[in-house]
Amino acid sequence: MSDPVLRVDDLHVGYSIGGADVEIVSGVSFELQRGEALGLAGESGCGKTTTALAILQLLDPFLRRLSGTIDLTTENGVVHIHRRTERGMRDLRWAEISLVFQGALNALDPVQRISRQIGDAIRLHDPEADRAAVRERVRELLERVGISPERARQYPHEFSGGMRQRVMIALALACDPEVIIADEPTTALDVMTQAQVLALLEELRRDLGLALLLITHDLAVIAETCERVAVMYAGRIVETGPTATVFAVPQHPYTQRLLGAFPQVGTERALPPAIPGSPPDPADPPSGCRFHPRCHLAREACSHGEMALRPVGDDHESACLFAPLQQTAVGGGVR
Amino acid sequence: MSAAPLASAVTPLAEARGLEVAFRRRGSTVQALDGVDLEWRQNEVLGVVGESGCGKTTLARTLLGLEQPTGGELRFEGATLDRSGVRTLRRRVQMVFQDPYQSLNPRMRVSELVQEPLRMQRMGRAERVLRAATALEDAGLGPAERFWGRYPHELSGGQRQRVAIASALAPEPAGLVCDEPVSALDVSVRAQVLHLLLGLRRTRGLALLLITHDIGLAWALCDRVAVMYLGRVIEIGQASDVLERPQHPYTQALIAVAPSTRPRAPGQAAVLEGEVPDASRLPSGCRFHPRCPRARERCADEDVALRPSGAAGQTAACWYPGFEPRSGLAGERRPADEGPERRRGPFVLHAEL
Amino acid sequence: MAVSSETVALLLGAEGNPFARRLRGATRAVRSIGRRPLGAFGLVTIAFVVLMALLGGALAPQNPLSTASFDFAHRMQGPSGAHWLGTDESGRDLLSQFLLGARVSLIVGLAAGIASAVIGSVVGICAGYFGGWVDRALTFLDDWFLVIPFVPFAVLMAALLQDDARRIPGGRTGIIVLVLAITGWAGTTRIVRAQVLSLREREFVERARSQGASHFWIMRRHILPNVMPIVWANSVLIVALSVLGEAGLSYFGLGDPDSFSWGTVLYNGFQAGAINQGAWWYVLPPGAAITLFVLAFFAVGQVIEDAAGPRARAR
């Protein structure tokens, strides 16, 4: 049954300074199944965006993959992304994996019409395509995302925030990829618009059989869209499993605290307890479990050793020494 | 934190009746606020929720005296505002802005930032320093000496927001208007700042006006909640009433659509069609009727003001308000019911009204 | 939660003397400029010229302005033990003229540069901040002044004002400063206005306004400090260009015949046929000095702009 289209194994990404390696991503492994939506959750600085960029080899110049493998299954077989050159990546980007960025206004060229921008993406991978075919495809894509094709010749600033995000999605679909990575796709949007964009992603996933890697700090968005979730903290995955299970019975103290930070209508009307301290400096992470200085369950044992993910339930893994946890404090109950 | 209703026998901090604020933009007039009725009571936490463009930011700015009302009435501590009134207003109400990275002058030290409003009042130096230091400590940045000479770029996002809060606290206001105070902050820092705001409400007797798009936040923090749409308040009441038993279809949609980490009962994820219409081309009758799943003839013909509906103190601007439990959005659309022409998705393109 | 009086006393003391703070800030800035090789070159050169300007009068073996310096027997002589830079067509010591020239060039450059910077900043801030008709009017003015061609305008002003030269402070030199300031401010205005337009929308300005700040308060405390980096970078260039402009004017004979700036020395040199006679010692020192001096300002300006650039703005 397992049909992973993307496999990341023990990925380490970082930079070298003074002979030592500083890791932003510190041993991340996951599998994205074909047609599945996986959420990568965590605060800013936890390394989730860096992971996404590493998959597309779009890292900042001073960052690089230190070790680990990234495998993409295409119709032509398995591609080892970690071994690909820049030229090789150019064939892959957009044709196999696309990226939907957070700020559509920044990602779209303000002085080019939408039709041109989408058209350019198509032509990059199919230089022989004739103009009529490209035009037709642009129309088709815009319709798919719910934008009237008459608006194809408009400029980005003529669209509202939500519409622009849909243009971004159309752009991402231009070359029929297998995988879409969405980095905080709805953060700057209104609740209503956010719901529309998420519903669109869901519909496209169903209709086109796309795999979606959704990266965000907003757990609620993941809950609405993703079947599985991986929670990241300080460069590592601390818990992973089916979304409903992880959010109902979180098995890592960090996940519990994170869930608690999003009060839900219908639960007790109280503020969640604040998580003391702040995320660690990647250059000097805590030993052992990286969350232990801020953890309400921390003991002596937490500051030593490798915190590997261990199974705590059906397809549910946690990196906490004390899992399975008795107290699952926040996140329970149905509306 | 219990939802104890506050006695409204005391004069409210701010009161708006039919408040209008219009802007001239590119020749046409945009009615940012079009008849807002609102009461902000002493020591209460009032939430204002709505999508962008609904006027919540304009409302905040008008309450601070940054915008002039072009119609209707705005009273502050019982008195109507005039020129000198605006100056007093500025001392009694302060604002906390959304982006802590932008709301502090990068060239000013913390000490200067926090003392600035006091300097404007021409306070003496010793008293200024005392008030500023106290405000810093109350905002959780103690001991004051530690942060006194720092520049904003030396501080984290959460610390910067605390500096902004300290600067707002220094003039000892009666109310704080908070415009998305935590949305630009990291998740782990959010709770800290929220705790701070609530704590200040207790220790300093502050009233808080919390503008947010985050329903969960409004739920956890606010005593009362007002929902805005297209320049008007379309529902207002106790937070537990408005958010658990919303009467207005728009409120119901907002709440139904807000993503939640808790499993949803099936059929509840109905999404509203279209987008908020341009404020310069308002629909006739009830402004919400083109997108409303419950709309009937009367809604297109007659505009509607806030009317009592639901619990005591709850009002909604709807001809057919009402909440049916367990169905979320009354009269909602279930995706399964939709005919072939709707298969493409919920974003019907008649958003351009 | 009240704060203890010891803390208050501590904080009051910590504020310190504003002047001392500014001095410390200035020293820090100078030091950080000097750390870059380009900046070091610039600062050292400028310091050298300043030194010459200050001490020139004392160090100069002669006073070129006095008739006692004329010595026709030794005219147009190359560098020698008695005259390190040789003599001019009247036998006057060229070294003295060179040292004196430093003073005039520096003063004119600084005066014109500062005047331009001040006028340009004030106009730019007002135009950018107030917008509307104020902006339109000031920008219109600015456009006109940007377009004024330097040399014809200078000639015109010199011609118009030369009779009043005695009444204008500084005489002919004062006229030059005036001409340079009038033609120099418009560029600064453009840059400052653009910066103010974006600053005006920043949230910290909104915040100050919401707390009751007047327009003047905002312009003084929020706008001005944040445009200063750009003004500094630009002013340095303007000073350089003013020095060059003064040299140019003098070279064209529009300078002050009663003083010796480097440009005047060049002018005299050309008039005396120094090139034809191969009298390189006449024209090379002032020419090289002008070039290096202007380059020094450009270098410092570059370093300031790098420091005031995206890194600082990203804060």
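Remember, it's a predicted structure, so these values are computed and weren't measured experimentally. (Residues numbered from 1 in each chain as written. Chains lettered and ligands numbered in written order. Predicted model: local features only at pLDDT ≥ 70, side-chain atom pairs only at ≥ 80, totals over all residues.)

**So, the overall build of chain C**
- Tallying secondary structure elements over chain C gives 12 helices and zero strands in all.
- The order of helices and strands in chain C, counted from the N terminus, is α-α-α-α-α-α-α-α-α-α-α-α.
- Once the C-alpha set of chain C is aligned to its principal axes, its extents read approximately 85 × 50 × 35 Å.
- In chain C, which comprises 315 residues, the proportion classed as buried is 42%.
- Taking contacts inside chain C between residues at least 6 apart in sequence as the whole, the part at least 24 apart equals 70%. (Helix = DSSP H or I, 4+ residues; strand = E, 2+ residues; numbered from the N terminus. Buried ≥ 20, exposed ≤ 12 C-beta atoms within 10 Å, placed from the backbone. Contact = placed C-beta atoms within 7 Å.)

**Describing the overall build of chain B**
- Along its length, chain B carries 11 helices and 12 strands.
- When the 353 residues of chain B are sorted by exposure, 54% land in the buried category.
- Within chain B, counting contacts between residues at least 6 apart in sequence, those at least 24 apart form 68% of the total.

**Quick word on the interface of chain B and chain A**
- Tallying the contact residues gives 42 residues for chain B and 43 residues for chain A.
- Sorting the residues of the side of chain B that touches chain A by element identifies α7 (187-204), α8 (215-221), α9 (239-244) and α10 (249-257) of chain B as the ones contributing at least two each.
- With eight residues, the top contributor of residues to the side of chain B that touches chain A is α7(B).
- Considered class by class, the residues forming the side of chain B that touches chain A number 24 nonpolar, 11 polar and seven charged. (Nonpolar A, V, L, I, M, F, W, Y, C, P; charged D, E, K, R; others polar.)

**A closer look at helix α8 (residues 203-210) of chain C**
- α8(C) sits mainly inside the fold: six of its eight residues count as buried.
- Within the sequence span of α8(C), burial applies to F204(C), V205(C), R207(C), A208(C), R209(C) and S210(C).
- Looking at the packing, one finds that the buried side of α8(C) touches β6 (93-96) and α3 (110-120) of chain B together with α7 (171-200) and α9 (215-251) of chain C.
- Of the residues flanking the end of α8(C), it is G212(C), one or two places downstream, whose phi is positive at about 110°.

**Here we look at helix α5 (residues 131-144) of chain A**
All names here are of chain A.
- The terminal C-alpha atoms of α5 lie 20 Å apart, and with 14 residues this matches the ideal 20 Å at 1.5 Å per residue to within 8%.
- Among all positions of α5, only V138, L141 and L142 are buried. Taken down its axis, α5 places every buried residue within 95° of arc, on the same side. In α5, the exposed residues that point more than 90 degrees away from the buried face are A132, A133 and E140.
- Residues of α5 that are buried in the fold lie against α4 (114-125) and α6 (161-173). (Expected span 1.5 Å × (residues − 1). Arc of directions from axis to C-beta.)

**What about the arrangement of the chains?**
- Across the two pairs of chains that are in contact, the largest number of contacts falls between chains A and B.
- With no contact between them, chain A and chain C keep their nearest C-alpha atoms 16 Å apart.

**Regarding the interface of chain C and chain B**
- Opposite the 24 residues of chain C that make contact, chain B presents 29 residues.
- Contributions of two or more residues to the side of chain C that touches chain B are made by α1 (5-15), α8 and α9 of chain C.
- Residues belonging to the side of chain C that touches chain B are distributed by class as follows: 13 nonpolar, six polar and five charged.

**Looking at the packing of α9(C) against helix α10 (residues 262-271) of chain C**
Residue and element names in this part refer to chain C.
- Across the interface, α9 lies against α10 with an axial gap of 7 Å and an inter-helix angle of 30°. Of the possible angle classes, the one that applies to α9 and α10 is roughly parallel. Classified by chirality, the crossing of α10 by α9 is right-handed. Contact with α9, carried on its side by E246, A247, G248, L249, S250 and Y251, involves W262, G263, T264, L266 and Y267 of α10 and no other residues of that element.
- In terms of residue class, the contact of α9 with α10 is made up of six nonpolar, four polar and one charged. (Axes fitted to C-alpha atoms, helices over the stretch in contact; angles between N-to-C directions. Parallel < 35°, antiparallel > 145°, perpendicular 65-115°, else oblique. Left-handed = near helix turned anticlockwise from the far one by under 90°.)

**Examining the pairing of strand β2 (residues 28-40) of chain B**
Residue and element names in this part refer to chain B.
- Looking at chain direction, strand β1 (residues 14-25) and β2 are connected through 10 bridges and run antiparallel. Directly across from A14, in β2, lies its bridge partner W40.
- Hairpin remark: β1 followed by β2, antiparallel, with two residues in the connecting loop; positive phi at R26, about 45°. (Pairing = 2+ DSSP bridges.)

**Here we look at the nonpolar core**
- Counting 274 residues, the largest nonpolar core has L209(B), A218(B), V227(B) and L254(B) as its most contacted members.
- Ranked by residue count, the leading element in this core is helix α4 (residues 94-130) of chain C, at 17 residues.
- Each residue touching A218(B), except ones within four places of it in the same chain, is listed here: G47(B), V49(B), L210(B), T212(B), V225(B), A239(B) and L243(B). (Core = buried A, V, L, I, M, F, W, Y, C linked by C-beta atoms within 7 Å.)

**Considering the domain arrangement of chain B**
Residues and elements named next belong to chain B.
- Domain parsing of chain B yields domain 1 (14-105 + 165-227) and domain 2 (246-337).
- Tallying the contact residues gives 10 residues for domain 1 and 10 residues for domain 2.
- Here the side of domain 1 that touches domain 2 gets five residues from one element, more than from any other, and that element is β2.
- Taken together, the residues of the side of domain 1 that touches domain 2 break down into five nonpolar, three polar and two charged. (Domains from an automatic or database assignment.)

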